[in-house]
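Each chain is listed here by its residues.
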Amino acid sequence: MQSGSLSQRRQGSLKIMHRVWETSSAILNALSNKIRGMRVSAPQSAPRPVDSERRAQKALDSAKIQIRLLSNEGELASIRRIAEATEESEIASFAVSYIIEHELELAIPQLQHLASTFSHACLPALISLFNAGEADIAQSILMERLVNGDYFYLIQQKKARPLLLLDILGAVDEFNNSSLCYQYFPAVWRCIADRPEDQENLLAEILGDLNPGALRYAPDLNMIPQAVKIQALQLLHAIRPASYERSLWYGSRDQDDIVAHAATMACTEHWQSDGLVPAHLEIFPMLDLNLLFSLSKLASTFQWRGPGAVMAMYSEWNKEMSELETLDQHRD
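Q: Please clarify how the overall build of the protein chain should be interpreted in this entry.
A: Along the backbone of the protein chain there are 16 helices and zero strands. Each of the 332 residues in the protein chain was classed as buried or not, and the buried ones make up 31%. Taking all contacts inside the protein chain whose residues are at least 6 apart in sequence as the whole, residues at least 24 apart take part in 59%. Accessible surface, the protein chain as shown: approximately 22500 Å² in total, 56% of it carbon and sulfur.

Q: It is not clear to me how a nonpolar patch on the surface should be interpreted in this structure. Could you clarify?
A: Together, Met311, Tyr314, Trp317, Met321, Leu324 and Leu327 make up an exposed nonpolar region whose accessible area comes to about 630 Å². Turning to its location among the elements, Met321 is positioned in helix H16 (residues 307-326). On the basis of relative accessibility, which here comes to 33%, the residue Met321 falls in the partly exposed class.

Q: Can you walk me through the packing of aromatic side chains in this structure?
A: When we look at a pair of aromatic rings, we describe it by the centre distance and by the angle of the planes. Under the criterion given, the structure shown has five aromatic pairs. For the ring pair Phe94 and Tyr98, a centre distance of 4.9 Å and an interplane angle of 45 degrees mean the geometry is tilted. Of the two residues, Phe94 and Tyr98 are both situated in helix H4 (residues 89-99); the distance of four residues between them amounts to about one turn of the helix. We classify Phe94 as buried; its relative accessible area is 16%. By relative accessible area, which is 18% here, Tyr98 ends up buried. Between Phe118 and Tyr153, the ring centres sit 5.9 Å apart and the planes meet at 80 degrees, which makes this aromatic pair edge-to-face. One end of the pair, Phe118, is in the loop between helix H5 (104-115) and helix H6 (122-131); the other, Tyr153, is in helix H8 (residues 150-156), and 35 residues separate them in sequence.

Q: When you look at unusual backbone geometry in this model, what are you seeing that I'm missing?
A: Backbone phi values are negative for most residues with the exception of glycine, while trans is the configuration of most peptide bonds. For Lys158, which is not a glycine, the phi torsion comes out positive at approximately 60 degrees. Along the chain, the position of Lys158 falls in the loop between H8 and helix H9 (162-176). Of the residues examined, Lys158 reaches a relative accessible area of 56% and is grouped as exposed. Phi is positive for Asn177, close to 60 degrees, though the residue is something other than glycine. With respect to the helices and strands, Asn177 occurs in the loop between H9 and helix H10 (180-191).

Q: How should the packing of H9 against H10 be read in this particular structure?
A: In a packed pair of helices, the relevant descriptors are the angle between the two axes and the axis-to-axis distance. Viewed as axis vectors pointing N to C, H9 and H10 meet at an angle of 160 degrees, and their least axial separation amounts to 8 Å. Judged by the inter-axis angle, H9 sits roughly antiparallel to H10. Judged by the twist between their axes, the crossing of H9 over H10 is right-handed. Counting all contacts with H9, which are made through Pro162, Leu165, Leu166, Leu169, Gly170, Val172 and Asp173, the residues of H10 involved are Leu180, Cys181, Tyr182, Tyr184, Phe185 and Val188.

Q: Which parts of the structure should I look at to understand the pattern of salt bridges?
A: In a structure, side chains of opposite charge can pair up when their charged atoms sit close to one another. Enumeration over the complete set of coordinates arrives at six salt bridges. Asp209 serves as the salt-bridge partner of Arg246, at 2.7 Å between the closest nitrogen and oxygen. With Arg246 in helix H13 (residues 241-251) and Asp209 in the loop between helix H11 (196-206) and helix H12 (226-235), this pair connects stretches of sequence that are 37 residues apart. Classification of Asp209 as buried rests on a relative accessible area of 2%. A salt bridge links Asp254 to Lys229, with the nearest nitrogen and oxygen atoms 2.6 Å apart. Of the two residues, Asp254 is situated in the loop between H13 and helix H14 (257-274) and Lys229 in helix H12; the sequence distance between them amounts to 25 residues.

Q: Just checking my understanding: could you explain the layout of surface pockets for this structure?
A: In this approach a probe as big as a water molecule rolls over the atoms, and the regions it shows empty are the leftover space. Approximately 620 Å³ is the volume attributed to the largest pocket. Elements with a contribution of two residues or more to the lining of the largest pocket: H4, H6, H9 and H11. It is H6 that provides the largest number of residues to the lining of the largest pocket, a total of five residues. Looking at the lining of the largest pocket residue by residue, the class counts come to nine nonpolar, six polar and six charged. Considering only enclosed or pocket space, the second largest pocket measures out at about 320 Å³ in volume.

Q: What is the right way to look at H5 in this model?
A: Because the α-helix completes a turn every 3.6 residues, residues three or four places apart line up on one side. Its 12 residues place the ends of H5 15 Å apart at the C-alpha level, agreeing with the 16 Å of an ideal helix rising 1.5 Å per residue. Residues of H5 that are buried: Ala107, Ile108, Gln110, Leu111, Leu114 and Ala115. Where the residues of H5 are buried, they touch helix H3 (76-85), H4, H6 and helix H7 (135-148).

Calculation notes
- Every chain is numbered on its own, with residues counted from 1 as its sequence reads.
- Predicted model: local features are reported for residues with pLDDT of at least 70 only, side-chain atom pairs are reported and counted for 80 or more only, and whole-chain, interface and lining totals are derived from all residues.
- Only hydrogens and water are set aside; all other atoms, that is, all heavy atoms of the structure, feed into the side-chain values.
- Starting at the N terminus, helices and strands are each numbered in turn, a helix being any DSSP run of H or I of at least four residues and a strand any DSSP run of E of at least two.
- Per-residue accessibility, obtained with a 1.4 Å probe over protein chains only, is compared with the maximum for each type, and a residue is labelled buried under 20%, exposed over 50%, and partly exposed between these values.
- Only heavy atoms matter for contacts: two residues are in contact if any of them lie within 4.5 Å across the pair.
- All accessible-area figures derive from a Shrake-Rupley calculation using a 1.4 Å probe, and residue coverage is judged against the displayed protein chains alone.
- In this scheme, patches are assembled from residues that exceed 30% relative accessible area and form no salt bridge. Like charges are connected within 9 Å, while nonpolar side chains (Val, Leu, Ile, Met, Phe, Trp, Tyr) are connected within 5 Å.
- Salt bridge, as applied in this entry: a Lys or Arg side-chain nitrogen positioned within 4 Å of an Asp or Glu carboxyl oxygen.
- For this analysis, a ring pair means two rings from Phe, Tyr or Trp (six-membered ring only for Trp) whose centres lie within 6.5 Å, classed as stacked if their planes differ by under 30 degrees, edge-to-face if by over 60, and tilted for the remaining angles.
- Comment: axis = line fitted to C-alpha atoms, over the contacting stretch for helices; angle = value between 0 and 180 degrees taken between N-to-C directions.
- Roughly parallel means an angle under 35 degrees; roughly antiparallel means over 145; roughly perpendicular covers 65 to 115; every other angle is labelled oblique.
- Helix crossings get a hand from a simple test, with the near helix turned counterclockwise from the far one by less than a right angle marking a left-handed crossing and a clockwise turn marking a right-handed one.
- Points on a 1 Å grid, built from protein atoms alone, make a cavity when a 1.4 Å probe fits but cannot get out and make a pocket when they are open with protein on both sides within 12 Å along at least 5 of 7 lines; residues with an atom within 4 Å of a point are the lining residues.
- Grid points are joined across faces, edges and corners, and a volume is the space filled by probe spheres set on the points.
- By the convention adopted, Pro, Cys, Tyr, Trp, Phe, Met, Ile, Leu, Val and Ala count as nonpolar, Lys, Arg, Asp and Glu as charged, and the other residues, Gly among them, as polar.
- The span you would expect from a helix comes to 1.5 Å times its residue count less one.

Have a look at this one:
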């Protein structure tokens with residue numbers, strides 16, 4: 001009896017363990033299926049958006065590669081169409097630079113066409129015509145479009161840089177002894193009257209600031225005449241104090257002495273009136289820069305005695321020495 005009951009108890013325990021195992025397996029399978037279903041049905045994360053700047057740079061690089069390939073194949077007409085249609089000034093200038101590398105007989109017609117368009121490539125193409133020695137063609141296009149007001153429309157549409165137009169006019173003035181840059185500067189200024197930031201940048205660029213608002217570089221040389229730079233100095237009062245001081249700093253390094261002097265004096269007055277003496281400038285009594293300028297002016301206008309007076313004194317000394325040599329040292 002005892003052995004039978006023991007055997008029955010063992011069989012009962014095995015049955016219980018088997019049911020527990022089956023139940024656990026069913027639970028685990030259900031959980032596994034549920035988790036698997038959650039993985040399948042879970043919404044996938046949206047793809048990471050590509051940075052707009054990287055996308056734009058990639059498009060620029062792709063366009064430049066296309067222009068290089070077309071240039072290797074001699075497809076100047078295709079490059080011209082890209083330059084005319086693009087909305088990127090960088091691509092337009094890049095395309096023009098590749099057109100001018102080819103033989104002039106092939107390049108000049110393409111440049112002449114671009115210089116007559118309402119595109120970002122019009123001014124770079126005009127400059128290339130001047131550089132290629134086609135001054136007659138370039139000046140003809142320039143004067144016709146100035147009279148028609150085409151360049152002012154392009155500036156308003158942000159398809160032409162104001163500084164670039166003024167620089168071209170300054171170069172023509174230097175060659176022809178004219179005053180186109182001074183004559184058309186007010187019209188250029190009115191084109192950006194509703195864009196204060198562009199006005200600020202233009203004044204800085206006229207005075208040699210190649211990259212306004214960024215790191216300071218050596219002043220950039222341009223062909224803008226003295227009269228326009230003086231006007232730019234007078235218009236600086238309307239811009240921000242930091243930009244005002246920076247533009248004066250560039251103006252003080254202009255190759256034209258009159259512009260440099262006017263900018264330096266304005267910068268000095270700005271420092272002394274607003275207390276914005278630059279950092280790392282040692283404070284000492286000679287910091288009165290107006291006094292320094294007065295002393296420099298005195299030194300530059302000082303009339304040194306000429307060599308005539310010195311020679312007269314030397315002749316008199318020689319005469320006296322000759323007389324002394326004729327005297328007797330014992331009797332005289």
